[in-house]
Amino acid sequence: MKVSASFLSSKNIPKDLSTLNDTDVDYIHVDIMDGKFVENKTMPFREMRHIYEYTSKRLDVHLMVEDPSKYIPLYAELNTEFITIHVEIEEDIIKDLELIKSYSIKCGLAISPDTKVNTLIPYLPYLDYILVMSVYPGKGGQEFIPNTENKLKELRELLNSYNIKALVSVDGGIDNITKDKCSNADVLVSGSYIIKSDNFQEKISSLR
Ligand code: DX5
Ligand code: ZN
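Cut-offs used in this document
- Residues numbered from 1 in each chain as written.
- Chains lettered and ligands numbered in written order.
- Predicted model: local features only at pLDDT ≥ 70, side-chain atom pairs only at ≥ 80, totals over all residues.
- Heavy atoms only, no water.
- Phe/Tyr/Trp six-rings, centres within 6.5 Å; stacked < 30°, edge-to-face > 60°.
- Helix = DSSP H or I, 4+ residues; strand = E, 2+ residues; numbered from the N terminus.
- Buried < 20%, exposed > 50% of the residue type's maximum accessible area, 1.4 Å probe, protein only.
- Pairing = 2+ DSSP bridges.
- Right-handed = clockwise from strand over helix to strand, strands pointing away.

Q: Sorry if this is basic, but what is going on with the packing of aromatic side chains here?
A: Working definition: an aromatic ring pair is given by the centre-to-centre distance plus the angle between the planes. In total, this model carries three aromatic pairs according to the counting rule given. Aromatic pair Y27 and F82: ring centres 5.2 Å apart, planes at 70 degrees, arrangement edge-to-face. Residue Y27 is located in strand β2 (residues 27-33), and its partner F82 is located in strand β4 (residues 80-86); the two are separated by 55 residues in the primary sequence. Residue Y27 shares its accessibility class with F82, and that shared class is buried. A ring pair is formed by F45 and Y75, whose centres lie 4.9 Å apart and whose planes are at 80 degrees; its orientation type is edge-to-face. Here the residue F45 occupies a position in helix α2 (residues 45-48), and Y75 occupies one in helix α3 (residues 68-75), the gap between them amounting to 30 residues.

Okay, structure coming up:
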């Protein structure tokens, strides 16, 4: 199992990113919030771009924003493996996915807890990554929604039936207990479970 660490709940981002850089974590999950798609707002790009000073890990950028076309060119400049946008937005999703791909970056779609897996069908051929939210997007430290287990199973069946090889990740409330509900995922995104501990590597290893 791959692990992507979210630093959304970090109280000392430079220190926590440096510590994560010394672990075997696969990706750094970068949560971006615009105060519109979700209530909270994360720091602007001019500040966020400094993360490259503290980590050489590849980034897994999760855009919880209404208008990703404004953010994609910025985050494409960084050491980015995936850029993920939400399927619930009003923007032209295929255009945004193509914009991500134009930078040779893998593109992803995220689905919020109340969004049905079938909503992804029109976009499946474009996707490298599918992020299933196991909490309502907007903040770290929330409890894992149990129905995510069924949703992941449903998604796996859908991907098999269309013969799609996209990676599946699950994001929100992941720890060493809830990870057992995620056997149908390929990547676990975990924030507070790792960041609020005093041994990042031990927590990361417990998720694999
Ligand atoms: C929630 C974010 C998640 C979150 C994960 O809106 O997308 O990435 O930070 O953090 P935990 O593991 O604390 O739920
Ligand atoms: Zn996230």
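Q: I would appreciate a short explanation of the pairing of strand β5 (residues 106-111) in the present structure.
A: For a regular strand, side chains alternate in direction, first toward one face of the sheet and then toward the other. Buried residues dominate β5, accounting for five of its six residues. One ladder, built from five bridges, connects β4 with β5; its direction is parallel. When the sheet's bridge partners are listed, I85 is paired in β5 with L109. Read as a crossover between parallel neighbours, the route from β4 over helix α4 (residues 93-102) to β5 is right-handed. Sheet topology places β5 next to strand β6 (residues 129-133); four bridges connect them, and they run parallel. Bridge pairing links L109 to I130 in β6.

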